[in-house]
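Results of the structural survey
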Amino acid sequence: MQENVLISKLTTMRLGGPARYVQEVTEPKQVAEAYDFARKNSLPVYVLGYGSNVIGRDEGFDGLVLVNKLKGVETVSETGDEVVIKAASGEMLDDLCGFTAERGYTGIEAMSAIPGTVGAAPVQNVGAYGQEIANVLVGVSAYDTSQGRTLWIDAADCQLGYRRSIFNTTEFGRYFITAVTIKLRKGQLRPPFYISLQAFVEQNGLTDFSPMAIRQAVTAVRAGKLPDPKQIASSGSFFKNVVVDDATAAKMQREGVRTYEEGGRNTVPSGWLIEQTGLKGKEFHGMRVSDKAALILINESAHSYADLAAARQEISDAVYKKFGFRLEQEPVELA
Ligand code: EPU
């Protein structure tokens, strides 16, 4: 266990003051031990994966941060056209996408190159290019802090929605997800694909839609737009897309505003709203609206969470003034 570690070093946005204690979890038994330590010392616990969707605050965290490094992937069962796979939560999601694509399994190949852990996937129902964890999740194994034991939670009980689940809402802080079980099909996606993926497929004349080919296409699409967290400080999409009801979507389409259908929800792309407001590429308090994708904020020279908050306010106000939508922050905050 380390003491006084800067959250800026544990998160890809590279902001945030010191966490009092930080523990890397590499063995399942360390989970219960860590929570016991926290309980004895009356410390709050925060679970981090890769830290790519979590923002640290200037005051830091007066508690214990667990950095999930649990590893291991196994095939649980297999039939003629389906396969069930269990992955430890500290695996990188992209490694799991590679593992499954190599074997010709479809279901998560479009989530390739997302910089995050497997355990984070059900927490915020990670998704990209038309696929989301909700569509493949069988359930999770999780240490339940209120019962002091590891148990199984069925996918239905995780209540996955747009970037949400029980783990980041009603039951926040209660569970440490140790493994994620998914069911994939042997086969491949069929066109038409999610719009930006479809455009790439057409531009490059791709005809192979095998999981590995889609994985490679998605990786190329993302590389052109999304900053590599190893090189550039960012949390990926900084705002959520705006979810609207059917009537609002229909009205907006008549007015020529773009809406999309994502997992049964109508959304207005916030990246489009920000771009239309003329903010693409602009810098606010050391935070730059990416010139490649306006939904992404890059920390170029912000010194503090306060800088980020000021930038967020100005961008959100500008969009509200033009369109009447309030943008909501997509990454969570370590608190
Ligand atoms: N758009 C613009 N200008 C921009 C960016 C986007 O006009 O600068 C419009 C485009 O018309 C585009 C549409 O917005 O067709 C959607 O853009 P894109 O396909 O790039 O996806 P997104 O809505 O910006 C979401 C997720 C991403 C995920 C992609 C691909 C959220 C908040 N973001 O972004 O997730 O990778 O779709 O599925 O849901 C993340 O959560 O950190 C993240 C990167």
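Check the entry above for the structure.
Report follows, based on the coordinates. (Residues numbered from 1 in each chain as written. Predicted model: local features only at pLDDT ≥ 70, side-chain atom pairs only at ≥ 80, totals over all residues. Heavy atoms only, no water.)

**Overview of the overall build of the protein**
Counted only if it meets this: Put simply, DSSP H or I for four residues or longer makes a helix, DSSP E for two residues or longer makes a strand, and each gets a number counted from the N terminus. Computation of the radius of gyration draws on C-alpha atoms alone. For the globule rule, the value is 2.2 Å times the number of residues to the power 0.38. Exposed residues in this analysis have more than 50% of their type's maximum accessible area, buried residues have under 20%, and partly exposed residues fall in between, with area computed by a 1.4 Å probe over protein chains only. The criterion used for residue contact is that any of the two residues' heavy atoms lie within 4.5 Å. Charged residues are defined here as Lys and Arg on the positive side and Asp and Glu on the negative side; His and the ends of the chain fall outside this count. Charged groups are reduced to one reference atom each: NZ for lysine, CZ for arginine, CG for aspartic acid, CD for glutamic acid.
Counting secondary structure elements, the protein contains 9 helices and 21 strands. Computed over the C-alpha atoms, the radius of gyration of the protein is 20 Å, within 12% of the 20 Å expected from 2.2 N^0.38 for a compact globule of 335 residues. Projected onto the principal axes, the alpha-carbon positions of the protein cover approximately 60 × 55 × 40 Å. For the protein, the residues scored as buried account for 52% of the 335 residues in total. For the protein, restricting intrachain contacts to residue pairs at least 6 apart in sequence, the fraction spanning at least 24 positions comes to 61%. Each charge class in the protein can be summarised by its mean position, and for the 36 positive and 40 negative side chains these summaries are 2 Å apart.

**Things to note about the sheet that holds strand β16 (residues 260-262)**
Put simply, the rule reads: We treat two strands as partners when DSSP finds at least two bridges between them. In this analysis an axis means a line fitted to C-alpha atoms, helices contributing only their contacting stretch, and an angle means the value between N-to-C directions, from 0 to 180 degrees.
A sheet is described by the order of its strands in space; here 3 strands give the open sequence β15-β17-β16, paired in antiparallel fashion. Each edge of the sheet is formed by a strand with only one pairing partner; in this case those strands are β15 (242-244) and β16. Sheet twist, expressed as the mean angle between neighbouring strand axes with direction ignored, is 50°. Those strands touched by helix α7 (residues 246-254) are β15 and β17 (265-268), and its axis lies near 105° from that of β15.

**Brief notes about the side chain of S165**
Rules: Residues adjacent in sequence count toward polar contacts only when both atoms are side-chain atoms; beyond that, a polar contact is any pair of N or O atoms within 3.5 Å, and within protein one must be able to donate a hydrogen and the other to accept it.
You can see S165 is positioned in the loop between α4 (155-158) and β13 (175-186). A polar contact of 2.9 Å, which involves the side chain of S165, links it to the backbone nitrogen of F167. In contact with S165, not counting residues within four places along its chain, are P122, V123, C158, Q159 and L160.

**A word on the side chain of E330**
For E330, the position within the fold is in the loop between α9 (305-323) and β21 (332-334). Apart from residues no more than four positions distant in its own chain, E330 is found in contact with N53, Q124, R163, S237, F238, F239 and K240.

**Quick word on the pairing of strand β12 (residues 149-154)**
Of the strand pairs in this sheet, strand β11 (residues 137-144) and β12 are connected by 6 bridges, and their pairing is antiparallel. Bridge pairing in β12 places G139 opposite D154.

**Examining the pattern of salt bridges**
To keep things clear, this is the line we draw: The salt bridge criterion pairs a side-chain nitrogen of Lys or Arg with a carboxyl oxygen of Asp or Glu, the two atoms within 4 Å.
Tallied over the full model, the rule gives 19 salt bridges. Residue D62 is joined to R20 by a salt bridge in which the shortest nitrogen-to-oxygen separation is 3.0 Å. Here D62 is found in strand β5 (residues 61-68), whereas its partner R20 is found in strand β2 (residues 18-25), with 42 residues between them in sequence. Given the relative accessible area of 35%, R20 is considered partly exposed. One salt bridge connects R326 with D317, and the closest N-O pair in it is separated by 3.2 Å. The exposure class assigned to R326 is partly exposed, which follows from its relative accessible area of 45%. Residues joined by salt bridges that share partners form a network here, namely R57, R312 and E333.

**Quick word on the layout of surface pockets**
Rules: Only protein atoms enter the 1 Å grid used here, on which a cavity is any set of points holding a 1.4 Å probe that cannot leave and a pocket is any open set flanked by protein within 12 Å on both sides along at least five of seven lines; residues with an atom within 4 Å of a point are listed as lining. Grid points are joined across faces, edges and corners, and a volume is the space filled by probe spheres set on the points. Note on residue categories: nonpolar means Ala, Val, Leu, Ile, Met, Phe, Trp, Tyr, Cys or Pro, charged means Asp, Glu, Lys or Arg, and polar means any other residue, Gly included. Domain extents, as shown, originate in an automatic or database domain assignment.
Looking at the second largest pocket, its volume works out to about 280 Å³. Forming the walls of the second largest pocket are 15 residues, and the residues nearest its centre are K9, L10, T12, G49 and Y50. Considered class by class, the residues forming the lining of the second largest pocket number 5 nonpolar, 6 polar and 4 charged. Taken together, domain 1 (2-68) and domain 2 (73-186) each give at least three residues to the lining of the second largest pocket, which thus spans both.

**Regarding the nonpolar core**
To keep things clear, this is the line we draw: Here, the term nonpolar core denotes a set of buried Ala, Val, Leu, Ile, Met, Phe, Trp, Tyr and Cys residues that are joined through side-chain atoms within 4.5 Å.
If you look at the biggest cluster of nonpolar residues, it comprises 41 residues, and the most contacted ones within it are V140 and I182. Counting only elements with at least two residues in this core, the list comes to β7 (82-88), α2 (93-102), β11, β12, α4, β13, α5 (195-203) and α6 (211-225). Counting residues per element, this core draws most heavily on β13, which supplies 5 residues. When near neighbours in sequence (up to four residues on either side) are disregarded, I182 contacts V83, V84, I85, L96, I108, V136, L137 and V138. V268, F284, A309 and A311 belong to the second-largest nonpolar core, a separate cluster that totals 30 residues.

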